[in-house]
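The residues making up each chain are set out below.
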Amino acid sequence: MTLAATTVTTTPFEGQKPGTSGLRKKVKIFTQENYTENFVQCILDANGKAIEGSTLVVGGDGRFYCRTACEIIVRICAANGVSRLIVGQNGILSTPAVSSLIRSNKALGGIVLTASHNPGGPDNDFGIKFNCENGGPAPDNVTNAIYQLSTAISNYKIVEGLQIDLSQITKNSYDISGKPFVVDVVNSVTNYVSLMKEIFDFDKLKSLVTGVSSGKPLKMRVDAMNGVTGAYVREIFINCLGATPESVVHTTPLEDFGGLHPDPNLTYAKDLVDTVRNGDYDIGAAFDGDGDRNMIIGRNAFFVTPSDSLAVIAHFLEAIPYFRRNGISGLARSMPTASAVDLVAKKLGKEVFEVPTGWKYFGNLMDANRLCLCGEESFGTGSNHIREKDGIWALLAWLSIMEHTGKGVEDILKAHWAIYGRNYFTRYDYEECDAAKCNAMMDQMEKLITDPKFIGQKFESGGKCYEVKLADNFSYKDPIDNSLATKQGLRVVFADGSRIVMRLSGTGSSGATVRLYIDSYERDNVLGLASDMLKPLIQIALQISQLPQFTGRDAPTVIT
């Protein structure tokens, strides 16, 4: 079939600036005439001449508008000289699967259609992000280039007559003005599942899950939250590892996630938490809309903080075949994440890195072979097997640790704390606040904490006294390329290692989301109730920031 490209005149839209991980807006914004087309054209233009003859991966989490956007991307890529597209069946690919496909096919990159853990549906959120050739989110220099192009775009190229059936797994070949163009519609799970089989010992995991090794089947509750991981969960845990069908729930991707907020935390995964708390389950897990985030809970809904999860996996890396083969290099965490993994790194004699929020900051370290495991407190954990966080990978890592130790989730955590001590941690999210007032709050707090007189000040609450040791607006110089990221979050570090961190999130689609992080280390008192242990520091944080006065909120939207 021979088709021709056409050039369409357009004008720029304000605000097409990618955030922490892509451009996220309400669906009604993306569906404006030319809005999606403009942004996709700018992604391709930001790659320059490299786009001609290239291979790209395309897929998303199945939320509302995902399939339509995927079809638009196919037509625009065809017009811009892309040689081959690898597209998930029905336009669906998890974010980790996109990263895996980019790497295994040596693609130029990929376009991911997701708003991650944000709600879906015609009245909610959509998103587009670009992943580079290493499989990871585009770094700042690329997203800045995309944004600059978006402010001056005057036309885009498209093949209007190109129609493709994304439901059929097949190779589609076209002639676009004399140049070949191929669209491979692929099974969404095959490549990713093969990768997981290379990383983990599926025979041992199957023995654990089915009870062959212990005489008692593992009782699991895995919740895909009506997001993209449903097919991956069914293939891995039921077909490969022998879990019973009732072990997995909400495995059909829905355009509005069935009304669920696809964010795997104690608030939005309440159904999982209640079910595990009231039932006979050894482990529970949930994943977000695009499959890169995870939550792990044990028997009676014993909650594993993402910071602790990262540290435990780090301690047991040699229980996973991938790391026995490839070795263990450095460990890393985002700045707001509790420093539990730092203690493991010290014990292992490995480098530990503290980076800004955003998975893209881990990529250079991985590519330089200085990092093999990393995580964020926002329920993201992953390794250098790809360049994205990976929810299913994290659960398989926990199952590997359970098989290796013969212990349950809670006992694994308590044994870890006995060795390293405990970082009590919580995050308060205040969602959809007035952006102007939030910016004013951050400005005032920064002036306060960066005054030299602030160092050494003492704050008392709940019978505890905290003395300020360090306070700043976090900046990060990449040790590989020397790029500098500034103004990455306000932090106050006290003499005992306790911390207050405050930043505005870059993942919301409207208003501002304020995130307040509280981290306090205890060497011996490791079995306390986190809410009690952290209450004094929370009160001090609210006092320093004046958050209730600026936002008008007397309670957070979400506590994790």
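Above: the structure in question.
Since the model is a prediction, treat every value here as computed from it, not as a measurement. (Residues numbered from 1 in each chain as written. Predicted model: local features only at pLDDT ≥ 70, side-chain atom pairs only at ≥ 80, totals over all residues. Heavy atoms only, no water.)

Student: Which residues make up the state of the cysteines, and what values go with them?
Tutor: What the rule picks out here adds up to zero disulfides. Unpaired in this structure, cysteine 42 has its nearest cysteine sulfur neighbour in cysteine 77, at a distance of 13 Å. No disulfide involves cysteine 372; its sulfur sits 8.8 Å from that of cysteine 374, the nearest cysteine. Note on cysteine 372: relative accessible area 1%, which makes it buried. (Disulfide = S-S within 2.5 Å. Buried < 20%, exposed > 50% of the residue type's maximum accessible area, 1.4 Å probe, protein only.)

Student: Residue-level account of the pattern of salt bridges, with values.
Tutor: As enumerated under the stated definition, the model contains 30 salt bridges in all. Residues aspartate 342 and arginine 333 are paired through a salt bridge, measuring 2.7 Å at the closest nitrogen-oxygen approach. Looking at arginine 333, the relative accessible area reads 5%, which means it is buried. For lysine 487, the salt bridge identified is with glutamate 446, shortest N-O distance 3.5 Å. Here glutamate 446 lies in helix H16 (residues 435-449) and lysine 487 lies in the loop between strand E24 (484-485) and strand E25 (490-494), a separation of 41 residues in the sequence. Each of the salt bridges in this network shares a partner with another, and the network as a whole consists of Arg333, Asp342, Glu354, Asp472, Arg491, Arg499 and Asp519. (Salt bridge = Lys/Arg side-chain N within 4 Å of Asp/Glu carboxyl O. Helix = DSSP H or I, 4+ residues; strand = E, 2+ residues; numbered from the N terminus.)

Student: Tell me about the nonpolar core, residues and numbers included.
Tutor: One broad rule of soluble globular proteins: the nonpolar side chains tend to lie buried together. By size, the foremost hydrophobic cluster in this structure holds 75 residues, and its most contacted members are Phe237, Trp393 and Leu399. In terms of residue count, helix H14 (residues 391-405) provides more of this core than any other element does, 10 residues in total. Dropping the residues within four chain positions of it, leucine 399 is found in contact with Leu205, Leu208, Leu218, Met220, Phe237 and Ile283. In this structure, Ala79, Leu113, Phe126 and Tyr174 belong to the second largest nonpolar core, which totals 50 residues. (Core = buried A, V, L, I, M, F, W, Y, C linked by side-chain atoms within 4.5 Å. Contact = heavy atoms within 4.5 Å.)

Student: Describe helix H10 (residues 306-315), and please don't skip the residues or the numbers.
Tutor: At 3.6 residues per turn, the α-helix brings residues three or four places apart onto the same side. Among the 10 residues that make up H10, nine are buried, leaving the element largely enclosed by the rest of the structure. Taken residue by residue, H10 has Pro306, Ser307, Asp308, Ser309, Leu310, Ala311, Val312, Ile313 and Ala314 as its buried positions.

Student: Run through the packing of aromatic side chains, naming residues and quoting values.
Tutor: Overall, the coordinates contain 14 aromatic pairs when judged by the stated rule. Aromatic pair phenylalanine 303 and phenylalanine 379: ring centres 6.3 Å apart, planes at 40 degrees, arrangement tilted. Separated by 76 residues along the polypeptide, phenylalanine 303 in strand E15 (residues 303-304) and phenylalanine 379 in the loop between strand E18 (373-376) and strand E19 (380-383) bring together distant segments of the chain. Judged by relative accessible area, which is 22%, phenylalanine 303 ranks as partly exposed. Pairwise contacts between aromatic rings join Phe13, Phe30, Tyr35, Tyr65 and Phe126 into one cluster. Over the ring of tryptophan 417 we find arginine 422; its NZ or CZ atom is 4.1 Å from the centre of that ring. (Phe/Tyr/Trp six-rings, centres within 6.5 Å; stacked < 30°, edge-to-face > 60°. Lys NZ or Arg CZ within 6 Å of the ring centre and 35° of its normal.)

Student: Give a detailed account of empty space enclosed by the protein, specifying residues and quantitative values.
Tutor: The full count for this structure, using the stated rule, is four cavities of 30 Å³ or more. By volume, the second largest cavity is sized at about 90 Å³. In terms of lining, the second largest cavity is formed by 15 residues, of which the most central are Gly22, Lys129, Phe130, Ala138 and Thr143. Sorting the residues of the lining of the second largest cavity by element identifies helix H2 (35-46), strand E7 (125-131) and helix H5 (140-150) as the ones contributing at least two each. Per-element tally for the lining of the second largest cavity: the top contributor is E7, with three residues. Here the residues of the lining of the second largest cavity are counted per class, giving eight nonpolar, five polar and two charged. (1 Å grid on protein atoms, 1.4 Å probe; cavity = no way out; pocket = protein on both sides within 12 Å on 5 of 7 lines; lining within 4 Å. Points joined across faces, edges and corners; volume = space filled by probe spheres on them. Nonpolar A, V, L, I, M, F, W, Y, C, P; charged D, E, K, R; others polar.)

Student: How would you explain helix H9 (residues 270-278) if you had to name every residue and give the values?
Tutor: Listing the buried residues of H9 in full gives Leu272, Val273 and Val276. Projected down its long axis, H9 shows its buried positions confined to an angular sector of 95 degrees, all on one face. Packed against the buried residues of H9 are strand E11 (220-223), strand E13 (283-287) and strand E14 (294-298). (Arc of directions from axis to C-beta.)

Student: I'd like to hear about the layout of surface pockets, residue by residue, with values.
Tutor: Each pocket or cavity is described by its volume, and for the second largest pocket that value is around 590 Å³. Those elements giving two or more residues to the lining of the second largest pocket turn out to be H9, strand E20 (422-433) and helix H17 (530-545). The dominant element in the lining of the second largest pocket, judged by the number of residues it contributes, is E20, at six residues. Looking at the lining of the second largest pocket residue by residue, the classes come out as 15 nonpolar, seven polar and five charged.

Student: How would you summarise the packing of helix H7 (residues 202-210) against H14 if you had to cite specific residues and measurements?
Tutor: The interhelical angle for the contact between H7 and H14, taken along N-to-C directions, is 75 degrees, at an axis separation of 10 Å. In terms of their interaxial angle, H7 and H14 are classed as roughly perpendicular. Contact residues: H7 offers Lys204, Leu205 and Leu208, while H14 offers Leu396, Leu399, Ser400, Met402 and Glu403. Its residues assigned to classes, the contact of H7 with H14 shows five nonpolar, one polar and two charged. (Axes fitted to C-alpha atoms, helices over the stretch in contact; angles between N-to-C directions. Parallel < 35°, antiparallel > 145°, perpendicular 65-115°, else oblique.)

Student: How would you explain the sheet that holds strand E16 (residues 331-334) if you had to name every residue and give the values?
Tutor: Pairing is mixed in the open sheet, where four strands are placed in the order E17-E16-E18-E19. Each edge of the open sheet is held by one strand with a lone partner, namely strand E17 (352-355) and E19. In this sheet, adjacent strand axes meet at a mean angle of 15 degrees when their direction is disregarded. Inspection of the sheet shows E18 paired to E19 by four bridges, in the antiparallel sense. If you follow leucine 373 over to E19, its bridge partner there is serine 383. Of the strands in this sheet, E16 and E17 touch helix H12 (residues 340-348), which is tilted by about 165 degrees from E16. (Pairing = 2+ DSSP bridges.)

Student: Hey, could you go over the side chain of asparagine 265 for me, with residue numbers and the actual values?
Tutor: Note that asparagine 265 resides in the loop between strand E12 (248-249) and H9. Judged by its relative accessible area of 2%, asparagine 265 is buried. A distance of 2.9 Å separates the side chain of asparagine 265 from the backbone nitrogen of threonine 267, its partner in a polar contact. At 2.8 Å, the side chain of asparagine 265 forms a polar contact with the backbone nitrogen of tyrosine 268. (Polar contact = N/O pair within 3.5 Å; in protein donor to acceptor, adjacent residues only side chain to side chain.)

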